[in-house]
Amino acid sequence: MSNWPLFVSQLFNGLVLGALLALISSGLTIIYGTLGVLNLAHGAMFMLGGYAGYVAYTYTESFIVAVIAGSLFVMVAGVAMERIIIRRFYGRPDEDQLLVTFGLGICFVEVVRLFFGSLSLTVPPPTIFSGITSLGFMFYPTYRLALLGIIAAALLVLFLVLYRTRLGLIVRAGIEDSVMVSSLGIDVYRVFMVVFGIGAMAAGFAGIVNAPVVSLTPDMGEAILVQTFVVVVIGGVGSFPGAIIGGLIAGEIISITSMINPGYAYIMLFAAMTLVLLLRPHGLLGAQGRG
Amino acid sequence: MKKIFEQEFNAAVSRRSLLQGSAGLIGGLMLPGGLIMPAFADDKPAIGTWPAGSAGSSVTIGAAVPRTGTYAVQGEDELKGWELAVEHINSGHELMKKFAPKLKKGLLGKEVKLVVADSGAKPNEAVQAEQRFISENKVVLMTGSTSSAVAVALNKLAQREHVLYVAGISGSNDTTGKDCVRYGFRQGFYGQTAAAAIAPVLIKQFGKNKKVAYMTPDYTYGHTVTKSMQDMTKDAGWTTVTNQVSPLGAPDYSSYLLNVANSGADILINVNWGHDAVLSIQQAKQFGVLDKMKLVVPYQVPFLARETGGLMTGVYAATDYWWTVEDKYPLAKMFNESFKKKYGYNPEWGAENSYVSFAQWAHMVEEAGTFYPPDVIKTYEKGETIPSLLGDVHYRPEDHQCVRPVIIVKGKAKKDMKNDEDWYDIVEIVPGEGIIQKPDAFGCKLGDYT
């Protein structure tokens, strides 16, 4: 390695990219793990979080209000989606669930396009995080540094909810055996609604905290959705720690490959996924569980 | 489990192709009936959609344009240009008559209709849509692109199906170069002409022996524009220190920009287009790259200045059209006025390219006096001088490329803008003859008429 500063820079950037992927993927994997629904509208919910936050920002000019509004809006949208549509599909074949979530995703994108058009929109980072920070070996946008902390905190909160609360216990038990949980007298469907809301909120939160890094377009969820699925497959479907590990691995693969030959970054990502599937069909941390 | 995820990916990657595929299948089933036509005189045997497409009181044009994805903004602008041109053809508008003096109301007295499909800038979806338009609507002309990968694919379809194709926005040298066809035409500028026009300006501005970092989208447009820029600046001693190739619609450019920041380049030449250009330039600013090196956008992106919120200040770009040319060209003024009246803003070059392509096609059809494709092609191939919004131009018979001026613009500082659409100063209008390569430079072989 002839260029250590660049290598370290890319390693670090991979961490930031990976953290974002981990956050989005965690929502996807929690919903799948608990409800057995592969939510193809997850990318669109990431996008909705960005736009809802943008609207809040234009009225209040407060980034914190934008983050709260973006997250809550998508949580409410997620709960509504679960109550009105998704719950009717729990017992149906996987193909039906895929089609309905896929269709909902398209609807969300087109509604946003109708109201906002396709021209990209921007949400600036909070003033204290604007500018560039010198890390010694490189210069890095301050907000991306802050983003690492913000996402780490969000993932910690999710972890505590899942592993240190009664709700988390039920959710994890539901992943293992939802029939047994139900027969213990727990209203599984209510839990399902809450889980869907939390999963959606994770996507919405990711959408708005990521908004200052990218510019918002109605299609922004599409590319990220594919990457998110790769992360979930690598980490193991339904596994929260798996989503985090998978996200970080994906981020590093993209960054390190980009340093050597940018054209191969996404090919390497899929190659890694294939390798994992060959060696561990259930992903790195995936349980036998559903399948 | 694995199986579910495989289905998953297929669905995620090609949601629109799935939907359009089924529509295309229905179209395909209808094809055999549509091709049975009464025999016509031997000198004009049935070919492509002729004579079925022009037998009634109207003719149809099929447009496959990105309305979603990274090129959606530019696609919408193109669509507006086509819509306005169709409206002007049907009403016999004064501006359209400047292009096609024989035109009355409608083309050869027939009303022109436009059918539109979303291509998402993906070649397979564009081809499926046009295939459907050919079989269902018997289109007499195809248009669309905003991605040269689409333009090249539609070129091939046009030649195979014997239906005329005028490219929309398409910057690859290959469109009328290596992949040229008898049935395809291009009005707009492209990588090689952009590079030939802008390189002398850049060398004069920044000097000789510069280190350059490129950002290139990974398809025919990106690679040919980058290659042309490298060729045109080589003699001045400009060297490429890094070339960051990225996929269309990349969600983040940070990894590429770290490489650029680390490359020691003096100049960043960003060939990305559409939202990719917006995102990569905004992130270049975030990473401090724009403070370290000069930015050049050789192939200008409509709405880029607006979308990046002023990051184009001082940046040079080559373009087909910028609305302030109206001070010099009366037809441009008429076009801007019509466009602004209908859509509320000054047209960018996507709309200009669309409008002019249709107007020039209308000219050829009126001159030929028929929609019979070989006759229309031969009228184009006379290479006669015809109008554009930037003065007289002509199509070359050898490769079907319009020889036309390229405009060099430079982004204005916010304080110098006279109104909220006054984003650029025009640096130079470079005549086409001096900058266009020889017709066979990229290996064009046109193919047959029938």
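Residues numbered from 1 in each chain as written. Chains lettered and ligands numbered in written order. Predicted model: local features only at pLDDT ≥ 70, side-chain atom pairs only at ≥ 80, totals over all residues. Heavy atoms only, no water.

(A) Molecular detail of the interface of chain B and chain A. The interface is formed by 45 residues belonging to chain B together with 52 residues belonging to chain A. For the pair chain B and chain A, the summed buried area comes to about 4,100 Å², and 63% of that belongs to carbon and sulfur atoms. Our enumeration of links across chain B and chain A arrives at one salt bridge. In this structure, the salt-bridge partner of Arg144 of chain A is Asp252 of chain B, at a minimum N-O distance of 3.2 Å. Our count for the contact surface shared by chain B and chain A stands at 16 residue pairs in polar contact (both at pLDDT 80 or more). Counting residues per element, the ones that place at least two in the side of chain B that touches chain A are α1 (2-13), α2 (15-35), α3 (72-91), β7 (239-246), α9 (254-261), α10 (274-286) and α12 (304-308) of chain B. For the side of chain B that touches chain A, the leading source of residues is α1 of chain B, giving eight residues. (Contact = heavy atoms within 4.5 Å. Buried area = accessible area lost by both parts, 1.4 Å probe. Salt bridge = Lys/Arg side-chain N within 4 Å of Asp/Glu carboxyl O. Polar contact = N/O pair within 3.5 Å; in protein donor to acceptor, adjacent residues only side chain to side chain. Helix = DSSP H or I, 4+ residues; strand = E, 2+ residues; numbered from the N terminus.)

(B) Structural detail: the nonpolar core. Among the nonpolar cores identified, the biggest contains 226 residues, and Leu107, Trp238, Ile269, Val297, Leu304, Tyr355 and Trp361 of chain B are the most heavily contacted of them. Residue contributions to this core peak at 14 residues, all from helix α1 (residues 4-35) of chain A. Those residues in contact with Trp361 of chain B that sit more than four places away from it in its chain are Ile61, Leu107, Val140, Leu141, Leu164, Phe371, Val376 and Tyr380 of chain B. Listed in part, the 11 residues of the second largest apolar core include Tyr32, Leu38, Leu225 and Val237 of chain A. (Core = buried A, V, L, I, M, F, W, Y, C linked by side-chain atoms within 4.5 Å. Buried < 20%, exposed > 50% of the residue type's maximum accessible area, 1.4 Å probe, protein only.)

(C) Representation of helix α3 (residues 63-84) of chain A within the structure. All names here are of chain A. Across its 22 residues, α3 extends 31 Å between first and last C-alpha, which sits within 8% of the 32 Å expected from 1.5 Å per residue. The complete set of buried residues in α3 reads Phe63, Ala66, Val67, Gly70, Ser71, Val74, Ala77, Gly78, Met81 and Glu82. Looking straight down α3, one finds that the buried residues subtend no more than 135 degrees of arc, so they occupy a single side. Turned more than 90 degrees away from the buried face of α3, the exposed residues are Ile64, Val76 and Ile84. Buried residues in α3 make contact with α2 (42-60), α4 (94-116), α5 (142-164) and α7 (188-210). Measuring from the side-chain oxygen of the N-cap residue of α3 to the backbone nitrogen of Ile64 gives 3.4 Å; that N-cap residue is Ser62. (Expected span 1.5 Å × (residues − 1). Arc of directions from axis to C-beta.)

(D) Looking closely at the sheet that holds strand β2 (residues 111-118) of chain B. Residue and element names in this part refer to chain B. Ordered in space as β2-β1-β3-β4-β5, the five strands form an open sheet in which the pairing is parallel. Since the sheet does not close on itself, it has two edges, and those belong to β2 and β5 (184-185), each with one partner. Summarising the sheet, strand β4 (residues 164-167) and β5 pair through two bridges and their orientation is parallel. Paired with Val166 across the bridge in β5 is Phe185. In the packing of α3 onto the sheet, contacts are made with β1 (58-65), β2 and β3 (141-144), and the angle to β2 comes to roughly 165 degrees. Across the sheet, helix α14 (residues 349-368) lies against β1, β2, β3 and β4, angled at about 145 degrees from β4, the strand it touches most. (Pairing = 2+ DSSP bridges. Axes fitted to C-alpha atoms, helices over the stretch in contact; angles between N-to-C directions.)

(E) Spotlight on the pattern of salt bridges. One pass over the full model with this rule turns up 22 salt bridges over all chains. Of the charged contacts in the structure, one is a salt bridge between Lys227 of chain B and Asp231 of chain B, with a shortest N-O distance of 2.9 Å. Of this pair, Lys227 of chain B and Asp231 of chain B both sit in helix α8 (residues 220-234), separated by four residues, roughly a single helical turn. Its relative accessible area of 33% is what places Asp231 of chain B among the partly exposed residues. Between Arg396 of chain B and Asp399 of chain B there is a salt bridge, with the nearest N and O atoms lying 2.7 Å from each other. Accessibility assignment for this pair places Arg396 of chain B and Asp399 of chain B in one class, buried. What you see here is one network of salt bridges that share partners, running through Glu110, Arg113 and Asp219 of chain A.

What is shown is where atoms sit, not what they do.
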